[in-house]
Amino acid sequence: MRHLIAVLGGDGIGPEVTELAARTLVEAAALHGVKIELQEALIGGCAIDQTGSPLPEETLALCRSASAVLLGAVGGPQWPPEARVRPEQGLLALRRELGLFANLRPVTIHPMVVPSSPLRPELLRGVDLLVVRELTGGIYFGAKKREGDRAEDVCSYTAAEIERVVRAAAGYARARRRKLTSVDKANVLETSRLWREVATRVIETDFPDVRLEHQLVDSCAMQLVRAPRSFDVIVTENLFGDVLTDEAAVIGGSIGMLPSASLGDGPRGLYEPIHGSAPGLAGRGVANPYGAILSAAMLLRHSLGLPGAAWALEAAVSAALEEGVLTEDVAGPGRHPAATREAGSAVLRALRRALPDRSRHEMPMEER
Ligand code: IPM
Ligand code: MG
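The shown structure was predicted, so the numbers you read here are calculated from the model rather than taken from an experiment.

### Side note on the packing of helix H1 (residues 14-31) against helix H13 (residues 340-354)
Point 1. Where H1 contacts H13, the axes come no closer than 10 Å and their chain directions differ by 5°. Taken together, the axes of H1 and H13 lie roughly parallel to each other. Residues Glu16, Glu19, Leu20, Arg23, Thr24, Glu27, Ala28 and Leu31 of H1 form the contact with H13, whose own contacting residues are Thr340, Arg341, Gly344, Val347, Leu348, Leu351 and Arg352.

Below you can see the structure in the form of structure tokens.
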């Protein structure tokens, strides 16, 4: 078995963390008898600088022919938001072109990282939630207009767009604790009223075993940090999901810890840590690679159908954390922070060490 994986490091710390994610991916797959071929391509600001486009044709063609895409981050102060051509356009176009409408952002916290969260430890114990963010619709992709002093962004959703992401989320809820929180702003927005209607119908008709609850996005933002354990699966539209998942990152201890998977109808997916390009950290070798490595684990699970390899890689990250190999964002006071590469090496060592034990590991919630 052989798979082609497109590797798009992007900007800032993107290439540094993606390199390690790719290495651990190759290793975890190899330990499970699967060969991976990596091919790099440009996206984002570096692609603009070299080709004039944030998503060159070549990159898109490579992604289409690959089994999956591993991505770092895009953007930076060199490419300001007011420019006509921006790095973020590359990422949005890629999500859209590959039809990746469901963005999975699981949030858990490892005990070693608990002290790095600003939240009290007793709130965090046992948190295990999954945000499913709609990724190819809503205000991100609506018409944009600027006329003198007036600007406009259109938010629109069709019932079909809502239905497919709600179905995906309900499927994950069914495999977990069977609770689905649909988040909207139905007291104000028409798109949200449609969202609520469709979510209710889909769950009543096809997922009677899943408990559906509706929450308004403002209230959900509060509940997330007040009682994060009360959530199982959250499904929400593009912009709300963007905001809520950065907030949820404080539950994970650091935004550097959290992975994501963007999926469509088929097995091909795009995997990226939820953190950005962190220009201030770039080139210093101190960025946290765990979110990127955990994204590679999601790639093994969702695109390559290798749950054993995925779980082995996740267990290796846990082992590295347990050894105290903590980058500066999660090291806390009094502990010498690990460099990016040291964290990557610790994961590779743990992977090799743990191989014979892998059958003993329990499956993670996400795929049960
Ligand atoms: C994310 C990022 C992107 C988004 C940016 C870089 C366009 O914030 O993946 O959450 O807004 O979707
Ligand atoms: Mg974001």
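### A short note on the domain arrangement of the chain
Interfaces are often sized by the accessible area lost when the parts come together.
Point 1. For the chain, the assigned domains are domain 1 (1-100 + 259-368) and domain 2 (118-251).
Point 2. Domain 1 puts eleven residues into the contact, and the matching count from domain 2 is 13 residues.
Point 3. The contact between domain 1 and domain 2 buries some 1200 Å² in all, and 63% of this surface belongs to carbon and sulfur atoms.
Point 4. Seen at the junction of domain 1 and domain 2, the total is zero salt bridges.

### With respect to the site of ligand 1
Point 1. Every residue close to ligand 1 is listed here: Glu88, Arg95, Arg105, Arg133, Tyr140 and Asp242.
Point 2. Between arginine 133 and ligand 1, the recorded distance is 2.8 Å, taken from a side-chain N or O atom to an oxygen atom.
Point 3. Burial of ligand 1 by the protein amounts to 77% of the accessible area it has alone, namely 320 Å².
Point 4. Of the residues belonging to the shell around ligand 1, the class tally is one nonpolar, no polar and five charged.

### Description of the packing of aromatic side chains
Point 1. According to the stated counting rule, one finds one aromatic pair in the structure shown.
Point 2. With a centroid separation of 5.6 Å and 75° between ring planes, the pair formed by tyrosine 157 and tryptophan 195 is classed as edge-to-face. Of this pair, tyrosine 157 sits in the loop between strand E7 (150-153) and helix H6 (159-174) while tryptophan 195 sits in helix H7 (residues 190-206), and the two are 38 residues apart along the sequence.
Point 3. The buried category is assigned to tyrosine 157, whose relative accessible area is 8%.

### Looking at the sheet that holds strand E3 (residues 68-73)
Sheet strands associate in pairs through backbone hydrogen bonding, adopting either a parallel or an antiparallel arrangement.
Point 1. The strand order E2-E1-E3-E12-E11-E4-E5-E10-E8-E9 describes an open sheet built from ten strands, whose pairing is mixed. Two strands lie at the open edges of the sheet, namely strand E2 (35-40) and strand E9 (211-216), each paired on one side alone. Direction aside, the axes of adjacent strands within the sheet are offset by 25° on average.
Point 2. Across seven bridges, strand E4 (residues 102-108) lies against strand E5 (residues 128-134) in antiparallel orientation. Paired with proline 106 across the two strands is leucine 130, which belongs to E5.
Point 3. Lying over the sheet, H7 contacts E5, strand E8 (179-184), E9 and strand E10 (233-236), oriented at roughly 170° with respect to E9.
Point 4. Sitting on the sheet, helix H8 (residues 217-226) touches E5, E8, E9 and E10, and the angle it makes with E9 is about 105°.

### Notes on the packing of H6 against H7
Point 1. Between H6 and H7, the least distance of the axes is 9 Å, while the angle of their chain directions is 50°. Here H6 is positioned oblique relative to H7, judged by the angle of their axes. With respect to the hand of their crossing, H6 and H7 are arranged in right-handed fashion. Of the residues in H7, those in contact with Ala159, Ile162, Glu163, Val165, Val166, Arg167, Ala170 and Arg174 of H6 are Thr191, Leu194, Trp195, Val198, Ala199, Arg201, Val202, Ile203 and Asp206.
Point 2. A class-by-class count of the residues in the contact of H6 with H7 yields eleven nonpolar, one polar and five charged.

### Some words on helix H3 (residues 57-65)
Point 1. Listed in full, the buried residues belonging to H3 are Thr59, Leu60, Leu62 and Cys63. Along the axis of H3, the buried positions cluster into a sector of 160°, meaning they face one direction only. For H3, exposure combined with an orientation more than 90 degrees from the buried face picks out Glu57 and Glu58.

### Quick word on the confidence of the model for the chain
Point 1. Chain-level pLDDT for the chain is 95 on average; 96% of the residues reach the 70-or-more range.
Point 2. Every residue in residues 358-368 scores below 50 in pLDDT, and together they form 23 contacts with partners more than four places removed in sequence or on other chains.

### Looking at the state of the cysteines
Point 1. Taken as a whole, this structure holds zero disulfides when the rule is applied.
Point 2. You can see cysteine 46 has no disulfide; the closest cysteine sulfur is in cysteine 63, sitting 13 Å from it.

### Some thoughts on the environment of proline 337
Point 1. Topologically, proline 337 is positioned in the loop between helix H12 (328-331) and H13.
Point 2. Take proline 337: its relative accessible area is 32%, and that puts it in the partly exposed class.
Point 3. Taking the C-alpha atoms as reference points, proline 337 and tryptophan 195, separated by 142 residues in sequence, lie 45 Å from one another.
Point 4. When sequence neighbours within four positions are dropped, the list of residues in contact with proline 337 reads Leu326, Thr327, Glu328 and Ala331.

### Quick look at the pairing of E9
Point 1. The pairing of E8 with E9 spans six bridges and is parallel. Counterpart to leucine 180 in the pairing with E9 is leucine 212.
Point 2. Remark: the E8/H7/E9 crossover connection has right-handed handedness.

Definitions and limits used
Residues numbered from 1 in each chain as written. Chains lettered and ligands numbered in written order. Predicted model: local features only at pLDDT ≥ 70, side-chain atom pairs only at ≥ 80, totals over all residues. Heavy atoms only, no water. Axes fitted to C-alpha atoms, helices over the stretch in contact; angles between N-to-C directions. Helix = DSSP H or I, 4+ residues; strand = E, 2+ residues; numbered from the N terminus. Parallel < 35°, antiparallel > 145°, perpendicular 65-115°, else oblique. Contact = heavy atoms within 4.5 Å. Domains from an automatic or database assignment. Buried area = accessible area lost by both parts, 1.4 Å probe. Salt bridge = Lys/Arg side-chain N within 4 Å of Asp/Glu carboxyl O. Near = heavy atom within 4 Å. Polar contact = N/O pair within 3.5 Å; in protein donor to acceptor, adjacent residues only side chain to side chain. Areas by Shrake-Rupley, 256 points an atom, 1.4 Å probe, with all protein chains shown as cover. Nonpolar A, V, L, I, M, F, W, Y, C, P; charged D, E, K, R; others polar. Phe/Tyr/Trp six-rings, centres within 6.5 Å; stacked < 30°, edge-to-face > 60°. Buried < 20%, exposed > 50% of the residue type's maximum accessible area, 1.4 Å probe, protein only. Pairing = 2+ DSSP bridges. Left-handed = near helix turned anticlockwise from the far one by under 90°. Arc of directions from axis to C-beta. pLDDT = per-residue confidence, 0-100. Disulfide = S-S within 2.5 Å. Right-handed = clockwise from strand over helix to strand, strands pointing away.

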